[in-house]
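The lines below spell out each chain.
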Amino acid sequence: MRPLLSVEDLTISFGPGQTVVGNVSFDVERGQTLAIVGESGSGKTLSCRAILRILPRTARITSGRITLDDGTKPVVLTEIGERRLRSIRGDRISMIFQEPMRSLSPLHRIGNQVSEVLWLHRGASEREARRQVLQTFDRVGFPDPERAYKSYPFELSGGMRQRAMIAMAMVAKPELLIADEPTTALDVTTQAQVLGLIKELQQETGMALILVTHDLGVVANMAERVVVMHKGRVMEAGDAEPMLKAPAHPYTKQLFDAAPAIPAETAPAPPLPDQDLILDMRQVSKTYTMRAGSGWKPNVLIHACRGVDLKLPRGKTLAIVGESGSGKTTAARIALGAEPPDPGGEILFRATPDAEPLQVHKMSRSQRTAFQRQAQMVFQDPYSSLSPRMRIQDAMTEPLEIHRIGDRAERRDRAAAMLDRVGLNADMLKRYPHAFSGGQRQRLSIARALMLDPALIVCDEPTSALDVSVQEQILTLLEDIRDRHNLSYLFISHDLAVVARIADEVAVMRQGLVVEQAPPETLFHNPQHPYTKALIAAQPEPDIERPIDLKLVAQGAGAPDSWAQAFRFTESVIPSLVEMEPGHKVRCHV
Amino acid sequence: MSILRYAVYRFFTMLLTLLVVSVLVFVIINLPPGDYLSNQIAELRASGQSAGVEKAEFLRREYALDRPLWEQYMIWMGFMPGPHGFSGLIHGNFGWSFEFDRPVAEIVGESLWLTVLVNLAAVLFVYVVALPLGVLAAARSRTWVDYTSAFVGYLGLATPNFLLALILFYYGHRYFDLPIGGLMDPTFEGQPWTWEKVKSVLIHLIVPTFVIGTSGASAMMQRLRANMLDELGKPYVETAIAKGMAPARMLTKYPLRVAFNPFVADIGNLLPSMVSGSVLVSVVLGLQTIGPTLLTALKTQDQFLSAFVLMFVALLTLMGTMISDVLLVLLDPRIRYEGRET
Amino acid sequence: MTQLPDGRYVDDAPYDPKAALQQPERRDLDAPNWVLVWRKFKTHKLGLVSGIFLLLSYLMLPFAGFIAPYTANERNGDHLYAPPQSVNWFHEGEFVGPFVYPIVAEADMETFQWVFVEDTTTPRPLEFFCEAGDYRLAGLIPTDTHLFCAPEGATVFLWGSDRLGRDVFSRILYGAQLSLTVGLIGITVSFTLGIFFGSLAGYFGGRTDWFINRVIEILRSLPELPLWLALSAAVPSNWSPVAVFFIISVILGILDWPGLARAVRAKFLSLREEEYVRAAEMMGAGSGRVIRKHLLPNFMSHLIASATLSIPAMILGETALSFLGLGLRAPAVSWGVMLNDAQNLASIEIYPWTAIPMLPIIVVVLAFNFLGDGLRDSLDPYQQ
Amino acid sequence: TGLPTLQEGDFWRQEVDAGDLPPIAERLPEDPLVVDLAAKGREFGQQGGVLRTMVTRSKDIRQMVVYGYARLVGYDSNYEIQPDLLADVEVEEGRKFTLRLRKGHKWSDGTPFTSDDFRYYWEDVANNEELRPAGPPDFLIVEGELPKVSFPDETTVIYEWSNPNALFLQTLAQALPPFLYRPAHYLKEYHKAYADQAVLDAAIEETRVRSWAALHNKLDNMGKFDNHELPTLQPWINASSGKKIRHNFVRNPYFHRIDSRGVQLPYIDIVEMEIVAPGLVAAKSNAGESDLQGRGLDFRDVSILKKGEAEGGYKTYLWQTGVASQIAIYPNLNYTDETWREVLRDVRVRRALSLGIDRQTINQALYFKLGQPGAMSVLPSSPFFDEANRDAWAEFDPEEANRLLDEAGLDKRGANGIRLLPDGRPFELVIETAGERQEVENALQIVTDTWRDIGVKLVMRPLDRDILRNRVFAGNTMAAVWFGWDNGIPQPYTSPAYLAPTDQVFFAWPKWGQHYQTGGEAGEPPDLPEAQRLLELAHEWEVATTTEERSRVWREMLAIHADQVYGIGILAGAPQPIVVSNRLRNVPEKAMWAWEPGAHFGVHRMDEFFLAE
Ligand SMILES: Nc1ncnc2c1ncn2[C@@H]1O[C@H](COP(=O)(O)OP(=O)(O)OP(=O)(O)O)[C@@H](O)[C@H]1O
Ligand SMILES: Nc1ncnc2c1ncn2[C@@H]1O[C@H](COP(=O)(O)OP(=O)(O)OP(=O)(O)O)[C@@H](O)[C@H]1O
Ligand SMILES: [Mg+2]
Ligand SMILES: [Mg+2]
Ligand code: NI
């Protein structure tokens, strides 16, 4: 039997001589999962897009054949006409794009965009489509599918958007699903839920899956076959099991070695010092109003953050982990003044240990300028945070220009040096943001935040799109700078291994509330809160021998009202955060 | 703020603005030296018609033209009693046209539907032609479709309207037996609507629509094309393609909606242009729209008539901007009118 | 490529973790932005040709008088409505160089047209670098040397003559001086104002937006027609037509900005919610910078297209205005003025060459369009 | 006595047969006006047909009153005044006018036309405070005195003054005269003195006017011809109401003229008047969409009209315009600027300006040499025509012009050869025009060139017609361009007032005109001897009783104008194209196209035109 899809000798280049993908070949069987792993910028995304022929305008497939088996005779995707291709796209092959924010139309409701697939390929009626979509939304872990259905993308959190993309790709039950890093923005329980759903679907319909990911844990749990890519070439390809156990190629080895893991038992760390806080968030809440569909219905209120109290001592790293949509980004944005908190909350910033604390939301112009020089943000969605019409060089030097640092040449040199430090080439300075891979953009975003030598950086999932080796490089860089310049980080991530490595303290959030807070050592080895426990259990490990039970962990901690009495909370009754042991706070009734 | 509340709020701002505009309009039409009756008398004398002079004197008193300007304004608006008591705009009295010797309401009422018809046809033409062509020109940029539509569009744009009309009339009459000028065959005037009459109107509309419409259409097309081109590279378009949408549907649903933003902003102009859009064209083409009436009124300083038409257009302008503001919010959910905290 | 026994493929090319995939283009690194734009622009052939054409046209302006065989208002009373004359090279099979045949006009009292008879027996070679009507080179240096002029006893009406016997070709050249310059002032004014106020309203929103919007509404509600009428009475009589026209185009610009401002505002209201704007603000960028560097570039295409579209409107604006007694008038020469003269049936049917000024307008407008298009393309990141 | 047998036409036959309309004999006055077509060299025609013509503004439907030209007295083709609606008029010493109506003459609705209609006008309209706050029209006031008006019987009306009223009959013969009569039976319904107050109030309400006077004035518009209910005496009745594109005018069944075979005039049953844009008249005529067209056509359209003749089925005649000058420049003697005023008042300057115009060239460029170049004076068909007047200061003589200007003290020249005023400003003569006629613009273009040779810079400034007038009246214009005198073919009985500073509309002396018009309240009195002399002469004409005396006054006034060059005429007798359908007969091939006197087609008696099969 022929494989469902086979890619032979695919070569893609931008302009003459700029080959970015060279001689890539792989096959995907029905019902099988092929994982593509590899270095950031190695051409994974381009290879996947080539299958559907959705490439940047300037990209050319210079050679290669991609065939899709049609049961009777194969369809050569690289040769058929647009019209036939159209009937395959979204119907037989669908794709989850890497960057969910930009990939959704900002002006259309999520539900509309997702149902469209059904209208197009299944001829579903509006009601029928809605029913199916809501069902899928529920399965990908939307707590409130109805709300998601009528939301606009900008009203959703990063992870929610990603789930919307996943739902869009899966709702029509395609024969082949190409998932380009589908779970980067998801917390591990939700990730497990989504992966479980995919598996289910594979069993149900025999769907094949091409999974691009950097998370070797996910690979270990999902893939039957693996393709390792590096600099546009396939380094190694084959069945997952032997490869994970004994990588043959040096690059593969290097990659697998770099995979971080939650370190095994260590001594509980002492609580963080409480003096010299660079950032002090007190009672920060945020309520969004979602515009009602019609002029008559009242607007819907969304409590993104509820009474968040976070203290970040100078030179330390405070990590926030938690459920997707739990208000992590919101808290971070408020911390830097990108959005005002609800009245009552205040954020204090102290530039130097002996400086007067300043209220972030009540600064004068000059104070604000000084603050903005010292506090930087790495956005969760790096693509959106780069102006599409600004070359990277300009984007990188902009902070320097704003604060009048250096002359043109100096700025440029600094930008080039910074690119180098995050593992990018200086010759990319003249490119526009869209001409980068997802991981490269994420690194650009980090590099830009570092340009000003700030004192505080808020990193919103800064390494989610990076392969483990580059992630390693970046984390090392961040740690290095922290230690040398006494930098402080507010670090949001869902990757517990990363958090375990970098954080001095971890706050776990769920539904806008901090449910548990402790130094990582304490937290990971003595989790108290059911949600924290569920999280840790859901962390996949890059060990094919120890698969996690996706079904089981996907249930996570369940709904708050199903928790043990001590932790249960409802809309109105919310237990307070109690210090169980020094430096270990848990939200529970005592 | 919900859309409904926003609309109500905008409505009251509109009333306020309207009041300001009414003062300005009144002042402006009274800017040129002289007034209707003096001009009229001079004209009558110059052309040797002694017949109308005494009647002009009568009108001066009847309509309080001998009073100071501000009093005239107050009387016109209805804030102050005139020679025959309170009776102004706010009482629904639109005034009297000296030039046509009939109530303003009647004159405007008569030509209004023709005006709207002509301009509606032109607006429809603009949209029907420019929308698909603009989208097509963007999707197929730098192909013959693009170049041809640009060329034809600019040809229309670069030809003075009247010249274009004359050429179309002359050759249209010669080779296609199109009528020259007018909006329907005069025999149908005042007749009930029949299929024949509709046909006559449609045939008469061909040239004016084309003349008024071409420039607008090519303007809209070119700008739409530019905006579309900006959007076509965006990732959400790729998502739509990946869904397997047909290009036409994909383009109109996604990038067009974003590209349409500047045009929605200008929808405010659509309403007033339905009435005043083609003043000069109507004058040269001899269409029985409000345009020529307005121009005559202005030139002869027939103040109540011109003031009313101008106020009417101003009202439509204000309503137009209001509608466009509301539409903008509906078009782009990200838009909020609140200020940015600095 | 090696296949391992368990079915795995392993790349056997030497692995160098540091190898760069692409050769860096070093020369790009130091090139300022405009060089990159220019490099891109050069690939847009039509845009390039248009740009060169426009450049030449503008360079030609100061020398219009030199190139034109006649001066702008030079009348040839015996050659009214002369049709275009051809410049020939061969007379009776013999090469003579560029020459014309003299033409003689006769009044046809039946048709009331001038009939021109060509005297094909006597070729008159054109004169070059010859002396004819006085003019000022670049508006400054008085001279009477022309590139070529009519030979003794003959005329060179390359594109015919008009109802007063003036050379259409020469007038088009002179007309370019006004049409290509003064009208653009209005565009500049209206674009500056429109972009400025539109950005303020769109970016700041709130009270600024409210205020600017009221101004826009009022300006838009203000009737233009009566304003023009009032204005035409108010302009001092001794102003030259060009000065009047200049003022008018400035006023036209001042009245014209609200449309653009609203478009800019609407777009900015939407763009200001973009994440990259937020990012720039959080880096400390002032409002001016955000508007200039982040918002405007994202609306550039629309602006370029709008500017291109205003050009014919401005060149022809005077035809509409002269209807109200406000446009350019003789002795000033512009394409609009010339077309104005041609706005009657006779010109279309009997003397079509009097409508020739349409050609340069269309050509210039198309050139601006393609130039704008090329510019747009070279600024478009997705085309890089 | 000797009345031809009257023939009933087809148009009203049905109504007559149905008894809705009395037969022809009862409709006509006892003594209808019998037109002797043969004597005029015209053919007998037959009734019937529809004549299409076009006008350019909706208010131009009043042209039908002009073209119809049924007046109490009117001009004949020799510009002699003849009774028309009147059976007869007796004039005693130029101060007592006895108007005799035709017995049995009826309004178009069949009501008798009697002296009561005159009485109604005089007592209830002209002298009604509310209707006419300014009182009766000027021409009825002689030396400040109102006439004694009496109505001895049904058919007699007497207007009498103690001094002669030389203007009385001419005014009644105007293209749009102030009618001395009103359809009393109709208007009384809207007159406060006669009407029932309640009915009147209802009517006021319905018409949305504010007072009965406004209502009456609105309905009483014999000159505008837009009230189709208002009975008329004109050959055609307005048969369409409201604002329309095409108005129909149908034959008046009670019209008082017949041809000598007993066929009631007008020959043409229906006139269709279409309102079209000014720019399209030529195009539509060219397409054969008009049967008789003069209005809206210009000489420059001739070539295109000639070209369309065969296909359009029409001929293009060239008539002569009747204005004294097609284009005339009026230096403003009342200009507000002191220096300029003095310069313009210097007759040498005006003469020099006139001498500096190359009229032959203008004639050739603009009129195919069909005009008559010359100064502003009367046309050859006037008895006062004098070649010397026409040629005075009218040849092209730059040398003499230069000499005159030097002599006038303008001998200093500035940069580029422009003369300097005494105070050092350049001699830049700003000429304002109404910007409506391209020929003016073109002529001035040619004048600009020739004036440059005499050191005068011409600056042309087009304005709107009303704005131009207002500026001139305020003394803000240095010079203006307009037509010459409207009446270029005066007869001894024509008032020469328009040659004298009696009206501001003569753009050379707006202030003097105002002074006269307002009885000294506004403006300034004439302070140049020649102007004063003109005023005296105008008065002499008014009191003159004989034709010889009047002719003398005329001649002297014309001589003064020729000598003083108040208006610099460029040429006269410019051809006016008239499009005449091939089916239309009795239209003269050569004729005069004049508003006053002549009423355009009026004197040519449009009611005698007919359509042949
Ligand atoms: N439009 C473009 N123009 C030029 N180069 C591009 C463009 N798009 C992508 N590239 C380059 O192609 C290479 C492969 O990109 P691709 O997006 O496939 O990487 P990836 O493997 O998906 O990486 P990541 O894991 O970071 O998403 C990268 O080096 C990127 O810089
Ligand atoms: N502009 C907005 N309007 C309405 N609701 C919003 C808006 N921004 C965020 N929300 C809502 O607030 C909640 C918290 O969002 P937030 O982005 O902080 O989540 P998060 O913790 O960062 O999640 P993720 O890990 O998925 O990025 C979500 O339910 C989201 O839908
Ligand atoms: Mg990628
Ligand atoms: Mg987030
Ligand atoms: Ni991850």
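Residues numbered from 1 in each chain as written. Chains lettered and ligands numbered in written order. Predicted model: local features only at pLDDT ≥ 70, side-chain atom pairs only at ≥ 80, totals over all residues. Heavy atoms only, no water.

An unreviewed UniProt entry lists chain B under the name Peptide/nickel transport system permease protein, with Cribrihabitans marinus given as the organism. Note on chain B: under the UniProt heading Sequence similarities (unreviewed entry), the record states "Belongs to the binding-protein-dependent transport system permease family." UniProt annotates chain B under Subcellular location (unreviewed entry) with the comment "Cell membrane". (UniProt positions renumbered as here; feature names shortened; annotations may be inferred.)

Protein coordination at the magnesium ion (ligand 3) comes from Thr45(A) (OG1) and Gln98(A) (OE1), with a distance range of 1.8 to 2.2 Å. With Thr45(A) in helix α1 (residues 44-52) and Gln98(A) in the loop between β6 (93-96) and α3 (100-103), the pair connects residues that are 53 residues apart, well separated along the chain. (Donors = N, O, S within 2.8 Å, 3.2 Å for Na, K, Ca; no water. Helix = DSSP H or I, 4+ residues; strand = E, 2+ residues; numbered from the N terminus.)

Next up on the list: the interface of chain C and chain B. Counting residues at the interface gives 68 residues for chain C and 74 residues for chain B. Both sides of the chain C and chain B interface together cover about 6200 Å² of buried area, and 65% of this is carbon and sulfur. Among the ionic pairs, Arg10(B) bridges to Glu217(C), the shortest N-O distance being 3.0 Å. The interface formed by chain C and chain B contains 23 residue pairs in polar contact (both at pLDDT 80 or more). Taken together, the elements giving at least two residues each to the side of chain C that touches chain B come down to α6 (182-204), α7 (206-221), α8 (224-234), α9 (241-271), α12 (300-322), α14 (345-349) and α15 (358-379) of chain C. Among the residues making up the side of chain C that touches chain B, the classes are represented as 35 nonpolar, 17 polar and 16 charged. (Contact = heavy atoms within 4.5 Å. Buried area = accessible area lost by both parts, 1.4 Å probe. Salt bridge = Lys/Arg side-chain N within 4 Å of Asp/Glu carboxyl O. Polar contact = N/O pair within 3.5 Å; in protein donor to acceptor, adjacent residues only side chain to side chain. Nonpolar A, V, L, I, M, F, W, Y, C, P; charged D, E, K, R; others polar.)

It is worth spelling out the interface of chain A and chain B at this point. Each side of the interface is counted separately: chain A has 34 residues, and chain B has 30 residues. Of the roughly 3000 Å² buried between chain A and chain B, counting both surfaces, carbon and sulfur atoms make up 57%. Taken together, the links from chain A to chain B amount to four salt bridges. For Asp230(B), the salt bridge is made with Arg389(A), and the minimal N-O distance between the two is 2.8 Å. The interface formed by chain A and chain B holds 13 residue pairs in polar contact (both at pLDDT 80 or more) in total. Elements supplying a minimum of two residues to the side of chain A that touches chain B: α1, α3, α4 (110-122) and α7 (158-170) of chain A. Of the residues forming the side of chain A that touches chain B, the biggest block, seven residues, is contributed by α4(A). Partitioning the side of chain A that touches chain B into residue classes produces 16 nonpolar, 10 polar and eight charged.

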